[in-house]
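Summary of the model geometry
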Amino acid sequence: MTRALATLLLLFAPALAACCMVPTDYPGDVDQSRQEVLILHRNGHQEMAIRVLPYFKDAADNPAQLTWILTLPSAPTGFQQADAEVFAQGRDLYQRMFQLARNQWSAKTDFAFGLPGANDAASGGAELAGLNVGATVQVGPYTVTPVKAQGKEALENLNQWLAQRGFPKEDAAHLAWFVENDFTFLCIHFKPPAGKAAALQLPALQVGFDTKAAYYPGKFSARQGNFALDMTLLSDKPLELDNLQLMRERLNDSPNDRVVLHNIWTSQPLPALLAAMAGKEEAPAKWYINRIASRGFNANDKDGQPAIAGWKDDVFFAIGDTPDELPGFWYYGDADISWPERMFRQHALAGIILGSSLLFLVLVLKGRQNRRRYLEQQAKAKPAA
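Residues numbered from 1 in each chain as written. Predicted model: local features only at pLDDT ≥ 70, side-chain atom pairs only at ≥ 80, totals over all residues. Heavy atoms only, no water.

**Concerning the pattern of salt bridges**
As a reminder of what qualifies: By definition, a salt bridge exists where a carboxyl oxygen of Asp or Glu is found within 4 Å of a side-chain nitrogen of Lys or Arg. Partly exposed residues are those whose accessible area sits between 20% and 50% of the maximum for their type, while under 20% is buried and over 50% is exposed, using a 1.4 Å probe and protein chains only.
Here the structure, examined in full by the defined rule, presents twelve salt bridges. A salt bridge links Asp-230 to Arg-34; its shortest N-O distance comes to 3.7 Å. Residue classification places Asp-230 among the buried residues on the basis of a relative accessible area of 7%. Accessibility expressed as a relative area gives 28% for Arg-34, which makes it partly exposed.

Okay, here's the thing in structure tokens:
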């Protein structure tokens, strides 16, 4: 058995239909309590930092090994270990810009009616009965192997191969969508610390890949329980609003603030860890920022099936255009603007409305004055009886 085969055997145990997996001889099971995600999308390329927080149940001790699988819409361009502080920097940046937007809205003249990666992944690898297995790479504590199944026959061969080696078969229907859409399975192997079964905070992983729309790998986690999600999205263009709202509903977004602002933006340099994720490419004029905070979006339905199991596709955030930006010229983010421009942004709407009202009043009064003058002239011109 080649090294690639041995690695694949290890990484796919015990079943493919879960994001985190434990060996078949482990007496317990694994679920997730939470995922933290930072997505940075620019020019059709995405860098994603992700950390899962699994916990083990129905067993006294941690398993000897754990496998975590990420689905990607294209082959990875690189992966590396990420600093977990990157998630806090994403949250803090959003909260700072959100508060600026609230302050700028409050500062305007008010009316009762208002406006609403680093290491390159090795490619290639031998094709094994329809499986394209990439080179295994060590990334911090992780052993990472990209695997792509090519064609429906590959799924059958993979299941047969697993069964011959004592591993459970997987329902091919669950994997069909990923295979039909040419996804790559990024298999990540990790050895938990020995000892009493406990919740783990796995190191964050950053992975890069090309994708037209921003992507969150949620569909493959159907059997991971009703886990929470903390996600920040940064993009060089605004996200398309109708699609964004649909994805918020799918992920059961539960914002702490009653006001939800879409596509708020910053024109200043990103914090250090976010800037490192963005790479050395020239920064866009604006980074648009969106947040999704869910307490859980995978609850069981009335038939006992997890919500994700009913999804027809995965979570993609379509890229929008100017009409999807935050409406109103009152918002200027953290741009360094002059005092006259600030006054204009804060009070121009009031000036326009008041000016229009005064103009309308002047026209009404002028019309009445003209009519009165006309009637007086008519009366004078009328001959005496």
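Next, the rest of the story.
**Here's the deal with the pairing of strand E13 (residues 228–235)**
Rules: Secondary structure elements follow DSSP: runs of H or I no shorter than four residues count as helices, runs of E no shorter than two count as strands, and numbering proceeds from the N terminus. Two strands qualify as a pair provided that DSSP identifies no fewer than 2 bridges between them.
For E13, the tally of buried residues reaches eight of eight residues, placing the bulk of the element in the interior. Of the two faces of E13, the one holding Ala-228, Asp-230, Thr-232 and Leu-234 and the one holding Leu-229, Met-231, Leu-233 and Ser-235 are both buried throughout. Two strands pair when backbone bridges link them, and strand E2 (residues 29–42) and E13 are joined in this way by eight bridges, in the parallel orientation. By the bridge assignment, Ile-39 is partnered in E13 with Leu-233.

**Quick word on the sheet that holds E13**
The pairing of strands in a sheet happens through backbone hydrogen bonds and is either parallel or antiparallel. The condition that has to hold: Fitted lines through C-alpha atoms serve as axes, helices being fitted only where they are in contact, and the angles separating the N-to-C directions of these axes extend from 0 to 180 degrees. Note on definitions: a residue-residue contact is assigned when non-hydrogen atoms from the two residues lie within 4.5 Å.
Taken in spatial order, the seven strands of this open sheet run E5-E11-E3-E2-E13-E15-E14, and their pairing is mixed. In this open sheet, the two edge strands, each paired with only one partner strand, are strand E5 (76–82) and strand E14 (264–266). This sheet shows a mean twist of 25° between the axes of neighbouring strands, independent of strand direction. In terms of strand pairing, E13 meets strand E15 (residues 287–294) through seven bridges, oriented antiparallel. Paired with Ser-235 across the two strands is Tyr-288, which belongs to E15. Of the strands in this sheet, E2, strand E3 (45–57), strand E11 (204–210), E13, E14 and E15 are in contact with helix H2 (residues 85–107), which crosses E14 at around 110°.

**Quick word on the side chain of Gln-206**
So the rule is basically this: As used in this structure description, the phrase polar contact means that two N or O atoms lie within 3.5 Å; if the pair is within protein, one of them must be able to donate a hydrogen and the other to accept it, and residues adjacent in sequence are counted only when both atoms belong to side chains.
Tracing the chain through its elements places Gln-206 in strand E11. Taking relative accessible area as the criterion, Gln-206 reaches 4% and is therefore assigned buried. At 2.9 Å, the side chain of Gln-206 and the side chain of Glu-47 are in polar contact.

**What to know about the pairing of E15**
On any regular strand, side chains alternate: one points to one face of the sheet, the next to the other face. A large share of E15 lies buried, amounting to seven of its eight residues. Here E14 runs beside E15; their pairing, made up of three bridges, is antiparallel. Bridge pairing in E15 places Thr-266 opposite Trp-287.

**Details of the side chain of Gln-35**
The topology assignment puts Gln-35 in strand E2. Polar contacts involving the side chain of Gln-35 include one to the side chain of Gln-32, which spans 2.9 Å. Reaching out from Gln-35, the side chain makes a polar contact with the side chain of Tyr-216 at a distance of 2.6 Å. For Gln-35, the residues in contact, after removing those within four places along its chain, are Ile-50, Arg-51, Val-52, Tyr-216, Ser-221, Phe-227, Ala-228, Leu-229 and Asp-230.

**Description of the nonpolar core**
As a reminder, the rule being used: Definition used in this section: a nonpolar core is a set of buried Ala, Val, Leu, Ile, Met, Phe, Trp, Tyr and Cys residues joined via side-chain atoms within 4.5 Å.
Counting 58 residues, the largest nonpolar core has Trp-68, Tyr-216, Met-231, Leu-251 and Phe-317 as its most contacted members. The residues touching Leu-251, leaving out its near neighbours within four places in the chain, are Tyr-216, Leu-229, Met-231, Ile-292, Ser-294, Phe-297, Trp-311, Val-315 and Phe-317. By size, the runner-up hydrophobic cluster in this structure holds 25 residues, among which are Val-86, Ala-204, Ile-264 and Tyr-288.

**Considering H2**
To be explicit about the condition: Any helix carries an expected span of 1.5 Å times its number of residues minus one.
A rise of 1.5 Å per residue sets the reference length of H2, with its 23 residues, at 33 Å; its end C-alpha atoms lie 33 Å apart and thus fit the reference within 8%. Of the residues making up H2, those classed as buried are Val-86, Phe-87, Ala-88, Gln-89, Gly-90, Leu-93, Tyr-94, Met-97, Phe-98, Ala-101 and Gln-104.

Distances and angles like these do not, on their own, reveal function.
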